[in-house]
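Here is what each chain is made of, one letter per residue.
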Amino acid sequence: MHWRLSIAEWTEGKGEGNKKAMSRLAQREPAPGVIVYDEDAPVAWCSLGPRSSFPRLERSPLLSSIDDEPVCALACVFVHKKHRGSGLLPAILEAVCGYAAAAGYTTAEGYPVEPRDGKRAGADTAMTGIASAFLDAGFSEVARPRKDRPIMRRKLG
């Protein structure tokens with residue numbers, strides 16, 4: 001719910017309130033995200049939807065819209081701790097793009113972080129994904145509002 005609410009709303013609903021809000025969203029079509037499984041175990045989650053469904057992203061001076069192209073925003077990518085660093089993220093992004101294409105989206109857009117050489121992204125910045133994984137999943141950089149923050153896109157379908 002981080003990108004879907006103002007900081008005040010998110011803080012007020014922190015914990016159970018935000019879980020209930022996401023549960024309500026999950027009842028809608030298309031779904032507000034994708035859960036990726038390895039056999040029967042969930043290993044990742046990606047929040048997605050039209051940019052307009054992420055008001056905080058829209059208001060971000062860093063990640064504001066770069067043009068009028070309608071995109072499916074991949075706003076948050078969570079990988080379970082035991083699977084981080086395993087190289088699974090490009091496959092997760094592939095699965096998410098497959099879902100987005102099936103839901104009728106034509107372009108996916110991500111907002112990953114690009115850690116400095118030899119550094120790892122922290123959990124607070126890695127929540128939007130890692131740039132190298134987006135490249136490996138067929139995304140291309142379309143803007144760079146800050147040296148560690150590319151905006152990346154991939155045509156779908």
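What comes next concerns the included structure. This one's a predicted model, so the numbers in the text were calculated from it and none came from an experiment.

**Brief notes about the nonpolar core**
So, point 1. Counting residues in hydrophobic clusters, the biggest one holds 25 residues, and the most contacted among them are Leu-48, Leu-74, Leu-89, Ile-92, Leu-93, Val-96 and Phe-139.
So, point 2. When contributions to this core are tallied by element, the ones reaching two or more residues are strand E1 (33–38), strand E2 (41–50), strand E3 (72–79), helix H4 (89–102) and helix H6 (131–136).
So, point 3. A per-element tally of this core places H4 first, with 6 residues.
So, point 4. Excluding residues that lie within four positions of it along the chain, Phe-139 makes contacts with Leu-74, Cys-97, Ala-108, Glu-109, Gly-110, Phe-134, Met-152, Arg-153 and Arg-154.

**Let's talk about the packing of aromatic side chains**
So, point 1. With the rule as written, the count across this model stands at 1 aromatic pair.
So, point 2. Each ring, one from Phe-134 and one from Phe-139, has its centre 4.8 Å from the other, and the planes form 75 degrees; the classification is edge-to-face.
So, point 3. Take Phe-139: its relative accessible area is 3%, and that puts it in the buried class.

**Points about the sheet that holds E1**
So, point 1. Here we have 6 strands laid out as an open sheet, ordered E1-E2-E3-E4-E6-E5, and mixed in their pairing. Two strands bound the open sheet, and with one partner strand each, they are E1 and strand E5 (140–146). Geometrically, the sheet is characterised by an average inter-axis angle of 25 degrees between neighbouring strands, direction not taken into account.
So, point 2. Pairing geometry for E3 and strand E4 (residues 107–110), over 3 bridges, is parallel. By the bridge assignment for E4, Ala-73 is matched with Glu-109.
So, point 3. Those strands touched by H4 are E1, E2, E3, E4 and strand E6 (149–155), and its axis lies near 140 degrees from that of E3.

Thresholds, definitions, all that
- Residues numbered from 1 in each chain as written.
- Predicted model: local features only at pLDDT ≥ 70, side-chain atom pairs only at ≥ 80, totals over all residues.
- Heavy atoms only, no water.
- Core = buried A, V, L, I, M, F, W, Y, C linked by side-chain atoms within 4.5 Å.
- Buried < 20%, exposed > 50% of the residue type's maximum accessible area, 1.4 Å probe, protein only.
- Helix = DSSP H or I, 4+ residues; strand = E, 2+ residues; numbered from the N terminus.
- Contact = heavy atoms within 4.5 Å.
- Phe/Tyr/Trp six-rings, centres within 6.5 Å; stacked < 30°, edge-to-face > 60°.
- Pairing = 2+ DSSP bridges.
- Axes fitted to C-alpha atoms, helices over the stretch in contact; angles between N-to-C directions.

Scope: geometric values only; no functional claims are made or implied.
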